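One-letter residues, chain by chain:
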There are 2 protein chains.
Amino acid sequence: MRVQELIRDIPDFPKPGILFADITPVLAHPEAFDEVIMAMSGLIQMQGVNKILGVESRGFIFGAPVAQALGLPFIPVRKPGKLPADTIKVEYTLEYGADALEIHTDALEAGDRVAIVDDLLATGGTVEAACRLVEGQGAHVGATVFMIELSALGGREKLAPRPVYSLIQRS
Amino acid sequence: MRVQELIRDIPDFPKPGILFADITPVLAHPEAFDEVIMAMSGLIQMQGVNKILGVESRGFIFGAPVAQALGLPFIPVRKPGKLPADTIKVEYTLEYGADALEIHTDALEAGDRVAIVDDLLATGGTVEAACRLVEGQGAHVGATVFMIELSALGGREKLAPRPVYSLIQRS
């Protein structure tokens, strides 16, 4: 079965009017999940990055296997108060309100080239914040990589000029 | 470097008096992370399980690569309101207050044998709740597998008689 056919549309989640792309059937299908991890890893390998970053929580499901496949360090970015050592924080705005992300201050060094991996690119707000965390440490975003891109929501433009790669594009 | 030496003790996190085992240096060390995933996968392979379950968020970092290594489905268990399709919920008590976990109702079938993977076994409350979610669906917990077990906190007893495997034991 093609990966595309495993993505399940859930109407009115998390709120009325939103059609949510449920990726859990892909996770439950080992061949499909492996295809996704291998495709992401192949794209990233061409970018010459030296670290893989994943944003809590679904970014962990894709980022950790990609890091393992490439033999690269995996760096978690988390919601405030979750990472135990010294952190730096970045804030970002959501449709209603604001949120923040943190990274350990010793996770990146100036000159690192990082790939950020996530399941879905929608408006791009969360990953754009993660990019700012990376760049604030003097590191470079070599690639942002997504299983699904919802093209109509402008995430690619929000992340520009950082490189955006996606495996499945939907309008 | 041995995996044990990469675990970093952070005093007074998340609150005064707690010595927190920070596993992020293991994630940042590809050979060590690979050793952990391979050791977990080897233990699980002996248990004849057919699905791997990970609890949000750090359980995702270990569970997804283990599932990929074994070619088994990965099932996420999440905090309430995060999983988009129909869910069942289980509540559990913490030191102060209560929390809850959810699983998709179609994630497990009666007769499934599940391994639950997480980074750390402390008091075992969260994983015991995940076990009840599995058992409530008529499935069986074939193994619970942890990178680190804090033996003095009684998690193994809390999870009994379910099988508990850990790679690194600390008092």
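Residues numbered from 1 in each chain as written. Chains lettered and ligands numbered in written order. Predicted model: local features only at pLDDT ≥ 70, side-chain atom pairs only at ≥ 80, totals over all residues. Heavy atoms only, no water.

Structural notes on helix H3 (residues 30-45) of chain A
- For H3(A), which comprises 16 residues, the first-to-last C-alpha distance of 22 Å matches the rise-based estimate of 22 Å (1.5 Å per residue) to within 8%.
- Three or more residues of H3(A) are buried, namely A:Pro30, A:Ala32, A:Phe33, A:Val36, A:Ile37, A:Met40, A:Ser41 and A:Ile44. (Helix = DSSP H or I, 4+ residues; strand = E, 2+ residues; numbered from the N terminus. Expected span 1.5 Å × (residues − 1). Buried < 20%, exposed > 50% of the residue type's maximum accessible area, 1.4 Å probe, protein only.)

Some remarks on the confidence of the model for chain A
- Confidence along chain A averages 97 in pLDDT terms, with 100% of residues attaining 70 or more.
- Overall fold confidence for the complex sits at a pTM of 0.97, while the interface term, ipTM, reaches 0.96. (pLDDT = per-residue confidence, 0-100.)

Regarding the packing of aromatic side chains
- Inspection of every chain in the model, using the stated rule, returns six aromatic pairs over all chains.
- With a centroid separation of 5.8 Å and 70 degrees between ring planes, the pair formed by A:Phe33 and A:Phe62 is classed as edge-to-face. Residue A:Phe33 is found in helix H3, and its partner A:Phe62 is found in helix H4 (residues 58-70); the two are separated by 29 residues along the sequence. An identical accessibility class is assigned to A:Phe33 and A:Phe62; each is buried.
- Between B:Phe60 and B:Phe74 the ring centres are 6.0 Å apart and the planes differ by 85 degrees, which places this aromatic pair in the edge-to-face class. Of the two residues, B:Phe60 sits in helix H4 (residues 58-70) while B:Phe74 sits in strand S4 (residues 74-77), which places them 14 residues apart along the sequence. (Phe/Tyr/Trp six-rings, centres within 6.5 Å; stacked < 30°, edge-to-face > 60°.)

A word on the sheet that holds strand S7 (residues 113-121) of chain A
All names here are of chain A.
- With respect to topology, five strands assemble into an open sheet ordered S4-S3-S7-S8-S9, the strand pairing being parallel. Lying at the two open borders of the sheet, with one neighbouring strand each, are strand S4 (74-77) and strand S9 (164-170). Going across the sheet, the axis of each strand differs from the next one's by a mean of 20 degrees, ignoring polarity.
- Here strand S3 (residues 51-55) pairs with S4 via four bridges, running parallel. Within S4, the residue paired with valine 55 across the bridge is valine 77. (Pairing = 2+ DSSP bridges. Axes fitted to C-alpha atoms, helices over the stretch in contact; angles between N-to-C directions.)

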